[in-house]
Amino acid sequence: MTTMITAKRTPSKSVSESDGFAASDGLTGATAKASDLPAVINFESLATCGDEIWIRNGGQVYRLRRTKQGKLILTK
């Protein structure tokens, strides 16, 4: 079962293109300027129900979780 999240949040830390990233408006991934730089999305915008999310990519499922120390761990 897939649940669609419609909440919209903005990044808590200001990020500029000089940092190598484009600013994002949260879940939509839209950048402030059209460029080839990656969008920055807060983990909290994706993991609205806890400290982990499951990501499906090319038939594989990955788990991305945040530790108590605030680090992210991606496992297959």
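Refer to the structure presented above.
Since this is a predicted model, take the numbers as computed values, not measurements. (Residues numbered from 1 in each chain as written. Predicted model: local features only at pLDDT ≥ 70, side-chain atom pairs only at ≥ 80, totals over all residues. Heavy atoms only, no water.)

### Quick notes on the pattern of salt bridges
So, step 1. For the structure on display, the rule yields 3 salt bridges.
So, step 2. The partner of Arg66 in a salt bridge is Asp51, with the nearest N and O atoms 2.8 Å apart. With Arg66 in strand 2 (residues 60-66) and Asp51 in the loop between helix 1 (43-46) and strand 1 (52-57), the pair connects residues that are 15 residues apart, well separated along the chain.
So, step 3. Under the relative-accessibility criterion, Arg66 is labelled partly exposed at 24%.
So, step 4. In this structure, Arg63 and Glu52 form a salt bridge, with 2.8 Å as the shortest nitrogen-oxygen distance. With Arg63 in strand 2 and Glu52 in strand 1, this residue pair connects regions lying 11 residues apart in the sequence.
So, step 5. In the salt-bridge network here, residues are joined through shared partners; they are Glu44, Asp51 and Arg66. (Salt bridge = Lys/Arg side-chain N within 4 Å of Asp/Glu carboxyl O. Helix = DSSP H or I, 4+ residues; strand = E, 2+ residues; numbered from the N terminus. Buried < 20%, exposed > 50% of the residue type's maximum accessible area, 1.4 Å probe, protein only.)

### Some thoughts on the pairing of strand 1
So, step 1. Taken together, the 6 bridges between strand 1 and strand 2 define a ladder with antiparallel strand orientation. Looking across to strand 2, one finds that Ile55 is bridged to Tyr62.
So, step 2. Between strand 1 and strand 2, which pair antiparallel and follow one another directly, the connecting turn spans 2 residues, one of which, Gly58, has a positive phi of 60 degrees. (Pairing = 2+ DSSP bridges.)

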